[in-house]
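Residues per chain are reported as follows:
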Amino acid sequence: MSRKPIIAGNWKMNLLQSEAKDLFEGIKGFVKDYTAVELPTIVIAPVFTSLAAVETVKCDCGCGGNKINIAGQNCHWEKSGAYTGEVSVEMLADAGCSYVIIGHSERRQYFSETDEMINKKAKAILAGGLIPIICCGETLEQREAGVTDSWISGQIKAALEGISSEDVAKSVIAYEPIWAIGTGKTCDSDEANRVIAMIRSVVKEVAGAEAADAIRILYGGSVKPSTIEEQMSKSDIDGALIGGASLKADSFNEIIAKTMKLTLAAK
Ligand code: 13P
């Protein structure tokens, strides 16, 4: 089965509203020449205070798709209430989001997010009609200790616990080796592909072959315009979750353009 590629920009804690607006306009200016059918699924994840500075860009070719989708960088699993500093799925949807990044290693590391919390968030996101982008990945110590596969397999099983196969199929996973995030050290693409294929086999085990075939699994960690072609040429890598290189329209658009070229060439 052919899976539509996803190019997602995680803006992390960067950009004031005016800067977010400028970056958004730079991406919008690029996608105007293409239809949503030609483009990969494009997702941008600004900080909450800049959600109002961006918007979903719908395609006008009649395909019914979006050229740009918006994501939250985190959410709470409860609908509302006394959770100071948190934001609910319904609130994110209200602000125009159709995706939510969860379980990013920075949230796990600095805000003590657990697999159990990530599972609750995934369920709340899917119940709210949005799509979770579930992050996983190992530390350098874990890689060196040879426990990468068992660690990631545990993260994925815990995140997908109790979620229907149909919902798993719609979800997105991002494999982001922690040692490759923001370091300029990209994971070797054959190795990234091997881990992603392993994740797909775990999805098959917990949600069946159809869901494993449909779910889109991204690579993240120092993705740049110069690395994307090799990464996207691998059988199991369905796209990228990009930090640093998503903060400039030129580099993000170049990543989109290169992904599009490869997708068209594969047809
Ligand atoms: P970098 O692309 O800056 O390495 O960040 C990756 C990431 O954490 C995306 O979520």
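Residue numbers run consecutively from 1 along every chain, following the written order of its sequence. Thresholds applied to this predicted model are a pLDDT of at least 70 for local features of residues and 80 or more for the giving and counting of side-chain atom pairs; totals over whole chains, interfaces and linings are not thresholded and use all residues. Side-chain metrics rest on all non-hydrogen atoms present in the structure, leaving aside hydrogens and water.

1. Overview of the pattern of salt bridges
The salt bridge criterion pairs a side-chain nitrogen of Lys or Arg with a carboxyl oxygen of Asp or Glu, the two atoms within 4 Å. All told, the structure shown has 20 salt bridges when counted by the stated rule. The partner of Glu-55 in a salt bridge is Lys-28, and the shortest N-O contact between them spans 3.7 Å. Here Glu-55 is found in the loop between β2 (41–45) and β3 (57–58), whereas its partner Lys-28 is found in helix α1 (residues 17–31), with 27 residues between them in sequence. Burial status follows relative accessibility: with a 1.4 Å probe on protein chains alone, a residue under 20% of its type maximum counts as buried, one over 50% as exposed, and anything between as partly exposed. Using a relative accessible area of 43% as the deciding quantity, one classes Glu-55 as partly exposed. A salt bridge links Glu-113 to Lys-121, with the nearest nitrogen and oxygen atoms 2.8 Å apart. Each helix is a run of H or I in the DSSP string that is no shorter than four residues. Each strand is a run of E no shorter than two, and both are numbered from the N terminus.

2. Describing helix α11 (residues 249–265)
Expected span of a helix, by definition, is 1.5 Å for each gap between consecutive residues, and there is one gap fewer than residues. Over its 17 residues, α11 extends 24 Å from the first C-alpha to the last, a length consistent with the 24 Å expected when each residue adds 1.5 Å. Taken as a whole, α11 has its buried residues at Ala-249, Ser-251, Phe-252, Asn-253, Ile-255, Ile-256, Thr-259 and Met-260. Note on definitions: a residue-residue contact is assigned when non-hydrogen atoms from the two residues lie within 4.5 Å. Elements that come into contact with the buried residues of α11 comprise β1 (6–10), α1, β2, α10 (225–232) and β9 (239–242).

3. A few points about the site of the ligand
Being near a molecule or strand, for a residue, comes down to having at least one heavy atom within 4 Å of it. Around the ligand sit 13 residues, and of these Lys-12, His-104, Gly-182, Ser-222 and Gly-244 come closest. One of the side-chain N or O atoms of Asn-10 is found 3.0 Å from an oxygen atom in the ligand. Nitrogen and oxygen atoms within 3.5 Å of one another constitute a polar contact, given that in protein one can donate a hydrogen and the other can accept it, and given that sequence-neighbouring residues count only through two side-chain atoms. Between Ser-222 and the ligand, the recorded distance is 2.7 Å, taken from a backbone N or O atom to an oxygen atom. Contact with the protein chains hides 95% of the accessible area of the ligand, taken as 310 Å² for the molecule alone. In terms of residue class, the shell around the ligand is built from four nonpolar, seven polar and two charged. Note on areas: Shrake-Rupley with a 1.4 Å probe; residue coverage comes only from the protein chains shown. Three categories are distinguished: nonpolar for Ala, Val, Leu, Ile, Met, Phe, Trp, Tyr, Cys and Pro, charged for Asp, Glu, Lys and Arg, and polar for the others, with Gly belonging to the last.

4. What to know about helix α6 (residues 148–160)
In a regular helix each residue adds 1.5 Å, so 13 residues correspond to 18 Å; α6 covers 18 Å between its end C-alpha atoms and thus fits that length. Turning to α6, its buried residues are Thr-148, Ile-152, Ser-153, Gln-155, Ile-156, Ala-159 and Leu-160. Each buried residue of α6 lies within a common arc of 160° when the element is viewed along its axis, so the set occupies one face. Count one or two residues on from α6 and you reach Gly-162, which has phi positive near 75°. Directions are taken from the helix axis to each C-beta atom, and the arc is the one they span.

5. Re the pairing of strand β4 (residues 66–72)
Of all seven residues in β4, six are buried, a share of seventy percent or more. What makes two strands pair is DSSP finding at least two bridges between them. Note that β2 and β4 share two bridges and pair parallel. Bridged to Val-43 within β4 is Asn-69. Relative to β4, β3 runs antiparallel, the two sharing two bridges. By the bridge assignment for β4, Lys-58 is matched with Asn-66. Inspection of the sheet shows β4 paired to strand β5 (residues 97–102) by three bridges, in the parallel sense. Across the sheet, the residue bridging to Gly-72 is Val-100, located in β5.

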